[in-house]
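# Inside the fold
Letter by letter, the chains look like this.
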Amino acid sequence: MESSTAVNRHYLDHVIALSGSHGAEAIEDIFAESGIKLLAKGGRIDGSTRERLLMHRLRKPLEDSVRFEHNLSATRIGQQAEALLDQSSLLQSLYNGRSNGEATRNLRELELHPKLQTLNTLYAESQPGKLPHAVGASLLCSGLMNRLRPGDTTSQRIVMTAGLSHDIGELYMDPAPLAQLDPLEPDDWRHVAAHPVVAQRLLTSMPSVGTQVGETVLNHHERLDGFGYPRGLKGGQIGLHSQVLAVCEMLVGFIERSPAPLKRSHIAVSLIPGEFNRQISDLVAGICHAGSATEAQVVSQPQLDDNLIRAARVASTPDLPRQVGEWLQSDLPSAGTTPLRALFQQVLQRLTHIQRAYYSVGLDRLDPDKLTAQVDAIDDPDTRLEIVLVLQEIAWRLKELGREAVARVSRLAPLEAPRARLLADRLIGAARDSTVPANLGR
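About the cut-offs
- Residues numbered from 1 in each chain as written.
- Predicted model: local features only at pLDDT ≥ 70, side-chain atom pairs only at ≥ 80, totals over all residues.
- Heavy atoms only, no water.
- Axes fitted to C-alpha atoms, helices over the stretch in contact; angles between N-to-C directions.
- Helix = DSSP H or I, 4+ residues; strand = E, 2+ residues; numbered from the N terminus.
- Parallel < 35°, antiparallel > 145°, perpendicular 65-115°, else oblique.
- Contact = heavy atoms within 4.5 Å.
- Nonpolar A, V, L, I, M, F, W, Y, C, P; charged D, E, K, R; others polar.
- Core = buried A, V, L, I, M, F, W, Y, C linked by side-chain atoms within 4.5 Å.
- Buried < 20%, exposed > 50% of the residue type's maximum accessible area, 1.4 Å probe, protein only.
- Expected span 1.5 Å × (residues − 1).
- Salt bridge = Lys/Arg side-chain N within 4 Å of Asp/Glu carboxyl O.

### Re the packing of helix α17 (residues 306-315) against helix α21 (residues 381-412)
- The N-to-C vectors of α17 and α21 enclose an angle of 75 degrees; their axes lie 9 Å apart at closest approach. Taken together, the axes of α17 and α21 lie roughly perpendicular to each other. Taken together, the residues of α21 that come into contact with α17 (itself represented by Asn307, Leu308, Ala311, Ala312, Val314 and Ala315) are Val388, Leu391, Gln392, Ile394, Ala395, Leu398 and Lys399.
- Split by residue class, the contact of α17 with α21 holds 10 nonpolar, two polar and one charged.

### Brief notes about the nonpolar core
- Counting 81 residues, the largest nonpolar core has Leu144, Ile168 and Val244 as its most contacted members.
- The element best represented in this core is helix α7 (residues 130-148), accounting for 10 residues.
- If we skip the residues at most four places from it in the chain, Val244 touches Cys141, Leu144, Met145, Leu148, Val159 and Ile280.
- Counting residues in hydrophobic clusters, the runner-up holds 46 residues, among them Leu320, Val347, Leu398 and Leu401.

### Quick look at the side chain of Arg223
- One can find Arg223 in the loop between α12 (211-218) and α13 (240-257).
- Those residues within four positions of Arg223 in sequence are excluded, and the remaining contacts are Gly228, Leu233, Lys234, Ile238, Ala246, Glu275, Phe276 and Arg350.

### A look at α7
- Taking 1.5 Å per residue as the helical rise, α7 with its 19 residues ought to reach 27 Å, and the 27 Å between its terminal C-alpha atoms agrees with that figure.
- Burial analysis of α7 places 16 of its 19 residues in the buried class, the great majority of the element.

### Overview of the pattern of salt bridges
- Scanning the model with the defined rule gives 30 salt bridges in all.
- The salt bridge involving Arg350 is made with Glu400; its shortest N-O contact spans 3.4 Å. In this pair, Arg350 sits in helix α19 (residues 338-360) while Glu400 sits in helix α21, placing the two residues 50 residues apart along the sequence. When sorted by exposure, Arg350 lands in the same class as Glu400, which is buried.
- Arg397 is paired through a salt bridge with Glu393; the nearest N and O atoms lie 2.7 Å apart. Placement of both Arg397 and Glu393 in helix α21 is noted, with a separation of four residues, approximately one turn of the helix. Neither residue differs from the other here; Arg397 and Glu393 are each classed as buried.
- Each of Arg223, Asp225, Arg264, Glu275, Arg350, Glu393, Arg397 and Glu400 takes part in a single network of salt bridges with overlapping partners.

What follows is the structure, encoded as structure tokens:
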């Protein structure tokens, strides 16, 4: 949010867009900071009031004065949860045969602050797919926390609320960068990476929600090895609730996009050692392994594409971390500074893990230039599936690495950001002409 009393235009536009179908109204008189009444209690918030609200700073945040006549209901949340349980092999494995009613009971009974109900309604209705994403994350958090801490109802409530609300900060952001698949420009990425901070401020302003939910959401993109965002926290700085949400937010993405979410999830939690709590990683890996044996037989085999072949070319580069390390530190005036050296080490460590993952399924025995034909010739569908899923994860991790390298170098040494961008482009395959060594990614 811009400040406690300024109206965020993106939030207001979401309210106005939904007002026609859900009835947005003021629950009290809305005053400008100067004392002018801008809208009376019960007044509609729609296109006719937009400019008047944006022109003034308010005595109170607009969020405190807005409600919908038709909020997202517990019944609809429960129905969405049951539909996900019916469809998702990952959720079925996590809940291990429990009935849908039993599995969704805690979610149906979750009590939400009225302001949070409004924000969740806005988020759920902002785009198709947002409601199943939020409900799926909450359902995963509930099931995983129950495995980790059976009977801990407080932790259950915290992670379920956080799961349902973890992306509400997106309501306050320009939608254009959010829609980009690879927002590598530092300004764009800073914009996107701020959404946990915005959500945390909103959540901690609600007394019945509390700081624990806000802190959980704030840290749900952090990683134990320090390569997360927005603050780059490490180890014990990241609480269990945030670690649970971090894993579940990743898993719900696989439910939404992967043809084999169990196997893809197993690969993802195993790829980078030390990224997640070992207990959580082992638990997720065990749940996924138990149900993934039959996935190759029932899913349509995903195809290799240019993105995956490019990722294979990068990952198969001989002695990749050493090459990158020498190039990064050559002729850089500030390369000797402690923060930049530490960042380089993080980048190289990530590259090492990515390359090891490439070797782990024998991809080093294949030729990236003939990869499609070689993979198609493999008789075993499970092996073919694993190879493609590992490459999908490697391709995503290379994008993630490039994006974070650009953002962090831009903060530490802005003059060196173009060099980081060249590296990112090469890792992702977006650039063809650059001064990055030609053999980096062949």
